[in-house]
Amino acid sequence: MNSLEIKRQNGNVPKSLPGQDHVSGMIFYVNEADIPEDFKAEAVQAVSTIDAAEALGITSDATSWAARVMHYQLSEVFRINNGITLYVGIFTKPAAHTFAELATVQNYADGAIRQFGIWDGLTELTKENATLLQSQADALDLNNAPVSVGYAPSLKGGYQALPTDIAGAAPRVSVIIAQPGGTNDTGALLFAEATNKTTKNAVSCIGVWLGHVSAAAVHESISWVKKFPSGISLPAFSDGTLVRSVDKAWLEKLDTARYLFLTPIVGVSGSYWNDSHNMDAAISDYNAIELVRTMDKACRGIRTYLTPELGGNVYIDANTGKLQSYTVAYLETVANKALEDMEKAGELSGYEAKIDPEQDVLSTSTVEVVIKNVPVGVIRKMKVKIGYVKSL
């Protein structure tokens, strides 16, 4: 009997997302022998799909353990956000980090990258490395290319040996200590392989973190339960310890120290980020990833609209020496434009740009603009009161 059979296949066609908030970078630090040949020729590559990564030598069946870890992380990124624009850099793990590679990858992307994931699973966490990462991110910010960084080091000493004094002055750096723990999870199997070789190198969930941050609007917390499930049923720390086996007091201690990890929630399946911490002080205005990303977007937008005004004229009231009211109104409108767009998109609760007309622009050739933003809040705790009454 005649027949025609059609099988639908996933061609891994890259999706396209609006804007540039999803543009991301992923850096891997590995032993030189584990760098795929294509990345030895060009350390940074644009990778739009997992098929593109495999064509560049990052495969799930590679002889190299590190190559398989890289494939796993990239698979997780694309599982979470298949519309991401991603630049991958693979570098030899140095004896001592400077993290200058962030600038290398950002320059390759012409400054478009908004967030970086860094897999450094062969290196134990130190406070110095977090400080160095913040310094590199600060330098990029000075070059008008601000980024948030997720850093995934090794926990060879165990979660109980993690330093608790890192947080304080690194708002652009988040330290990820999460890893899959399920016996059939690819990440857990890779960790078991490393542990059997006594290296205990971390696998981590940096791919999940980067997928979530790149998929989130700038004002959204990646700990939003409804929107950002991890897809990992049994979470662990990067030393292999299952989160469910850790005392609640220890989980609170790690949360207070501002580490990021995945945790189950009673009554809800799966696992979720404990918060959206970075390594800034808990009382800082920039103590969460979404607060940094929102301000970065505001600054980029304001710069886009105000830069064309440089070298232009402003008009002075001949009687008072003040800035003319129409000049002030025009420049305030220009400065507000990016913020107006963000408020419409739900990324800000409110905004205001003000210019003092008393400024002596004729003497200084400088116009000072004061901008105030009201951020979008995040529900971190809920308190519900419930009880019986005789009647309503």
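Coordinates for the structure precede this section.
Nothing here was measured: the structure is a model prediction, and the numbers come from that model.

On the surface, a cluster of positive charge is made up of Lys 248, Lys 381, Lys 383 and Lys 385. Owing to a relative accessible area of 86%, Lys 385 belongs among the exposed residues under this scheme.

It is worth spelling out the pattern of salt bridges at this point. All told, the structure shown has 14 salt bridges when counted by the stated rule. A salt bridge links Glu 76 to Arg 79; the shortest N-O distance between them is 2.9 Å. Separated by three residues within a single helix, Glu 76 and Arg 79 lie in helix 3 (residues 65-80), roughly one turn from each other. A salt bridge links Asp 275 to Arg 380; the nearest nitrogen and oxygen atoms lie 2.8 Å apart. Taken together, the residues Asp 275 in the loop between strand 11 (268-273) and strand 12 (279-280) and Arg 380 in the segment after strand 14 (369-374) connect sequence positions 105 residues apart. Note on Asp 275: relative accessible area 11%, which makes it buried.

Angle between the axes and distance between the axes are the two parameters that describe a pair of packed helices. Where helix 3 meets helix 6 (residues 186-196), the closest approach of the two axes is 10 Å, and the angle between their N-to-C directions is 160°. By the angle between their directions, the pair helix 3 and helix 6 is classed as roughly antiparallel. Viewed along their axes, helix 3 and helix 6 form a crossing whose handedness is left-handed. Across the interface between the two elements, Trp 65, Arg 68, Val 69 and Tyr 72 of helix 3 pack against Thr 186, Gly 187, Leu 190, Glu 193 and Ala 194 of helix 6.

Looking now at the side chain of His 219. Here His 219 lies in the loop between helix 7 (206-215) and strand 9 (235-237). We classify His 219 as buried; its relative accessible area is 16%. Within the structure, the side chain of His 219 is placed 3.2 Å from the backbone oxygen of Gly 346, a separation counted as a polar contact. Leave out the neighbours within four places in its chain, and His 219 touches Glu 290, Thr 294, Ala 345, Gly 346, Glu 347 and Val 376.

Our focus in this paragraph is a nonpolar patch on the surface. Together, Ile 379, Met 382, Val 384 and Ile 386 make up an exposed nonpolar region whose accessible area comes to about 560 Å². As for its placement among the helices and strands, Met 382 is situated in the segment after strand 14.

With 20 residues, helix 10 (residues 325-344) ought to run about 28 Å at 1.5 Å a step, and its terminal C-alpha atoms sit 27 Å apart, in line with that. At Lys 337, helix 10 shows its largest bend, some 40°. Among the residues of helix 10, Thr 327, Val 328, Leu 331, Glu 332, Val 334, Ala 335, Asn 336, Ala 338, Leu 339 and Met 342 are the ones counted as buried. Where helix 10 is buried, its residues contact helix 9 (289-306), strand 13 (350-355) and strand 14. At the C-terminal side of helix 10, Gly 346 shows a positive phi close to 80°.

One can find Glu 5 in the segment before strand 1 (23-30). By relative accessible area, Glu 5 is classed as exposed at 62%.

Pairing of strand 10 (residues 262-265) with strand 11, which is carried by four bridges, proceeds in the antiparallel orientation. Bridge pairing in strand 11 links Thr 263 to Tyr 272. Connecting strand 10 to the antiparallel partner strand 11 that follows it, the hairpin turn spans two residues, and Gly 267 within it adopts a positive phi of roughly 90°.

Criteria and thresholds
- Residues numbered from 1 in each chain as written.
- Predicted model: local features only at pLDDT ≥ 70, side-chain atom pairs only at ≥ 80, totals over all residues.
- Heavy atoms only, no water.
- Patch = residues over 30% accessible without salt bridge, like charges linked within 9 Å, V, L, I, M, F, W, Y side chains within 5 Å.
- Areas by Shrake-Rupley, 256 points an atom, 1.4 Å probe, with all protein chains shown as cover.
- Salt bridge = Lys/Arg side-chain N within 4 Å of Asp/Glu carboxyl O.
- Lys, Arg positive; Asp, Glu negative; His and termini not counted.
- Charge placed at Lys NZ, Arg CZ, Asp CG, Glu CD.
- Buried < 20%, exposed > 50% of the residue type's maximum accessible area, 1.4 Å probe, protein only.
- Helix = DSSP H or I, 4+ residues; strand = E, 2+ residues; numbered from the N terminus.
- Axes fitted to C-alpha atoms, helices over the stretch in contact; angles between N-to-C directions.
- Parallel < 35°, antiparallel > 145°, perpendicular 65-115°, else oblique.
- Left-handed = near helix turned anticlockwise from the far one by under 90°.
- Contact = heavy atoms within 4.5 Å.
- Polar contact = N/O pair within 3.5 Å; in protein donor to acceptor, adjacent residues only side chain to side chain.
- Expected span 1.5 Å × (residues − 1).
- Bend = angle between axes of the 7 residues up to and from the residue.
- Pairing = 2+ DSSP bridges.

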